[in-house]
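Descriptive analysis of the structure
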Amino acid sequence: MVMTTREELESVCKRRGFIWQSSEIYGGEAGFYDYGHLGARLKDSWEEQWKDFFLSLDQNYHLVYTPNILPYRVLESSGHVEHFSDVLIKCNRCGNSFRGDHLVEDVTGESAEWMGKDEIKNKVEELNISCPDCKGDLGDAEDFNMMFEVDIGPKGERKGFLRPETAQGTYMNFPREYRALRRNMPFGLATVGPAFRNEISPRQGVYRMREFQQAELQIFFIPSIHDALFEERLEEVAYTEIPVMRTGDDMKKMISVDEIKDLPAYYIYHLSKIYEFYKDIMEIEGDIRLRELSSEERAFYNKIHFDVEINMKSLGGWKEVAGLHYRSDHDLSQHQEGSNKKMSVPADGERKVPHVIELSFGVDRNIWALLDLGYRTGDRDWLTIPDKLAPYQVAVFPLVRKDGLLEKSEEVFNKLNTKFRTFWDVSGSIGKRYARQDEIGTPYCVTVDYDTMEEDSVTIREIKTTEQIRVSITQLEEILQKLTEKEKLFDDYMG
Ligand code: ATP
């Protein structure tokens, strides 16, 4: 049985050491979260796997790091100063703030993200929506810019903002990296780091944070030249079926890439690879869909936009965790105009501003999805999580703490700990120790018992089935390697 409410899952995450509200001892601050000792390991391994997977798609995709604070001019050029706002509505009675589109969506069940403040105001009146907290009358609708403004310099001489997305840093680095990469295109710049949005009402746990982590990859290319290259790469994904929901469809369908051939090759290729990441690395297959956004739903500069949505019980259904945006030459053109620096490159006998396709992932939402889909209760409480992502991959126990078993288990632990994220637990009954690892998602438990002392073998217990196998210590590392790398199944080792 999976956990069904956010409160239930939040409470488990808190107790076990995954995630909880920040500044907890002072009562907490909405929209800010801490990762505890297990959450931090999970988040780190997710980010490592993300980088490994997406950077290996092309040897010209690279990682960069850029600052969290951006000068005013950058975000003015990008359009964020003018447009990065949500519609805010306050309650006249209790004073609580709400996102206008969410108030409308809660009543109609349909996306209202595209609506401007006048449309929202009219809808709120038409539908007679009152304050969800106290049923009081709602006030006027106003645009609220979600960026956190900061003063740069000791006297606040210059204005800046905490970056609302990681992307602007990579766009600005386009001309420098174009030269550093010896004018080889297409190229991609990825970055993983924090983004900040002063969300109006962050009430959905880590789903809507004010400081969150993004993992983004921007690929710079010239469609007329590079489409042929991506067309060739479609062969790589030709055999994949992907769960797609096109605009106008009311449910997802598993389709082959041939069935979305109306989209450009660079888009289909990256959409398929994103699904592969979810299927192979996050091991999510059924509860995922790639949903196309209609022209009303997507930003005007996103010419094609699919969101990755995961069906999360704790959040009441399908929720966005990532997106694939074809942004045309919008971003580089804006920065060319704002900075007066050339962003164009020689192409087709003239100069052209490169286009961008952007893969944008919210790290925290993906971590939450793993926990939501993975936590089970029933006969035992356990977390099923892919071996490569688990906070600990292996736990080592002595059956008892005497007769040399403790020392032997420490020896085994020291050996495994250099290769795997390993935990050594010597306290409590063996049943309790298995239960503790089940609760935190450790896929394999290795036990040192009396037979170990006789014949140098140990048992490995698998979390999913709770089955055990006995293997010799000399083979232990190799077997665990094969299991965690998914080269072998646990079943393959069963007698
Ligand atoms: P939403 O519609 O939910 O506000 P968005 O479409 O504005 O999100 P993007 O600007 O496309 O989000 O950001 C890319 C990714 O960053 C999202 O897919 C999501 O995973 C993550 N993200 C965005 N806002 C938040 C937030 N407030 N808290 C946590 N993650 C977020």
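Residues numbered from 1 in each chain as written. Predicted model: local features only at pLDDT ≥ 70, side-chain atom pairs only at ≥ 80, totals over all residues. Heavy atoms only, no water.

The next thing to look at is the site of the ligand. Close to the ligand lie 17 residues, the nearest being Arg197, Glu199, Arg208, Met209 and Glu320. The side chain of Arg208 places a nitrogen or oxygen atom 2.9 Å from an oxygen atom of the ligand. A total of 590 Å² of accessible area belongs to the ligand in isolation, and the protein chains cover 89% of it. Among the elements of the structure, strand 11 (211–221), strand 16 (317–326) and strand 19 (355–362) are those that each provide at least two residues to the shell around the ligand. Take the shell around the ligand: its biggest share by element is 4 residues, from strand 16. Each residue belonging to the shell around the ligand can be placed in one class, and the counts come to 6 nonpolar, 4 polar and 7 charged. (Near = heavy atom within 4 Å. Polar contact = N/O pair within 3.5 Å; in protein donor to acceptor, adjacent residues only side chain to side chain. Areas by Shrake-Rupley, 256 points an atom, 1.4 Å probe, with all protein chains shown as cover. Helix = DSSP H or I, 4+ residues; strand = E, 2+ residues; numbered from the N terminus. Nonpolar A, V, L, I, M, F, W, Y, C, P; charged D, E, K, R; others polar.)

Take unusual backbone geometry next. Of the consecutive residues Met185 and Pro186, the connecting peptide bond is found in the cis state with omega at 0°. Counting through the fold element by element, Pro186 comes out in the loop between helix 8 (174–180) and strand 10 (187–196). Phi is positive for Asp403, close to 55°, though the residue is something other than glycine. Inspection of the secondary structure assignment puts Asp403 in the loop between strand 22 (394–398) and helix 13 (405–417).

A few words now on the sheet that holds strand 24 (residues 444–448). Backbone-to-backbone hydrogen bonds join strands into a sheet, with any given pair of strands oriented parallel or antiparallel. Strand order in this open sheet of 5 strands is 23-22-24-25-26, and the pairing throughout is mixed. Each edge of the open sheet carries a strand with a single partner, namely strand 23 (422–424) and strand 26 (468–472). Neighbour-to-neighbour, the strand axes of the sheet open up by a mean angle of 25°, direction not taken into account. The strands that helix 13 touches are strand 22, strand 23 and strand 24; relative to strand 22, the one it contacts most, it runs at about 165°. Taken strand by strand, helix 14 (residues 430–440) contacts strand 22, strand 23, strand 24, strand 25 (457–462) and strand 26, and its axis lies near 170° from that of strand 22. (Pairing = 2+ DSSP bridges. Axes fitted to C-alpha atoms, helices over the stretch in contact; angles between N-to-C directions. Contact = heavy atoms within 4.5 Å.)

Moving on, we get to the domain arrangement of the chain. Assigned domains of the chain: these are domain 1 (6–68 + 162–374), domain 2 (85–145) and domain 3 (392–493). For domain 1 versus domain 2, the distance between C-alpha centres works out to 28 Å. Between domain 1 and domain 2 lies a buried interface of about 820 Å² when both sides are counted; carbon and sulfur atoms form 56% of it. Of all residues in domain 1, Ile200, Arg203 and Glu297 give up the largest surface area on contact with domain 2, accounting jointly for 59% of the area buried on that side. Our enumeration of links across domain 1 and domain 2 arrives at 2 salt bridges. (Domains from an automatic or database assignment. Buried area = accessible area lost by both parts, 1.4 Å probe. Salt bridge = Lys/Arg side-chain N within 4 Å of Asp/Glu carboxyl O.)

This brings us to the environment of Phe220. Along the chain, Phe220 turns up in strand 11. Setting aside its immediate chain neighbours within four residues, Phe220 contacts Thr170, Tyr171, Phe174, Met185, Pro186, Phe187, Leu189, Leu332, Pro354, His355 and Val356.

Here is the key point about a regular strand: its side chains alternate between the two faces of the sheet. Burial analysis of strand 12 (residues 241–245) places 4 of its 5 residues in the buried class, which makes it a mostly covered element. Two strands pair when backbone bridges link them, and strand 12 and strand 13 (residues 253–256) are joined in this way by 4 bridges, in the antiparallel orientation. The residue bridging Pro243 from the neighbouring strand is Met254, located in strand 13. Of the strand pairs in this sheet, strand 12 and strand 14 (residues 288–292) are connected by 2 bridges, and their pairing is parallel. Residue pairing in the sheet places Met245 in a bridge with Arg291 of strand 14. (Buried < 20%, exposed > 50% of the residue type's maximum accessible area, 1.4 Å probe, protein only.)

A few words now on the environment of Pro132. Its location among the elements puts Pro132 in the loop between helix 6 (117–126) and strand 7 (138–145). Judged by relative accessible area, Pro132 falls into the partly exposed class, the value being 41%.

Scanning all chains against the criterion turns up 38 salt bridges. With a closest N to O distance of 2.9 Å, Arg6 and Glu10 form a salt bridge. On the criterion of helical spacing, the pair formed by Arg6 and Glu10 is a turn pair, its members being 4 residues apart in helix 1 (residues 6–16). With a relative accessible area of 22%, Glu10 lands in the partly exposed category. With a shortest N-O distance of 3.3 Å, Asp133 and Arg203 are connected by a salt bridge. Here Arg203 lies in the loop between strand 10 and strand 11 and Asp133 lies in the loop between helix 6 and strand 7, a separation of 70 residues in the sequence. When its relative accessible area of 42% is taken as the criterion, Asp133 is described as partly exposed. Within this structure, Asp86, Arg99, Asp101, Glu199 and Arg208 form a network of salt bridges that share partners.

The 3 strands are arranged 4-9-8 in an open sheet whose pairing can be described as antiparallel. A single partner strand is all that each edge strand has here, and the edge strands are strand 4 (69–71) and strand 8 (149–152). Each strand axis lies, on average, 45° off the axis of its neighbour in the sheet, ignoring direction. Alignment of strand 8 against strand 9 (residues 158–162), held across 4 bridges, turns out to be antiparallel. The partner of Ile152 across the bridge, within strand 9, is Arg158.

Let's shift gears to a nonpolar patch on the surface. There is a patch of nonpolar side chains on the surface, built from Leu399, Tyr450 and Met453 and spanning about 240 Å² of accessible area. By the secondary structure assignment, Tyr450 is in helix 15 (residues 450–455). (Patch = residues over 30% accessible without salt bridge, like charges linked within 9 Å, V, L, I, M, F, W, Y side chains within 5 Å.)

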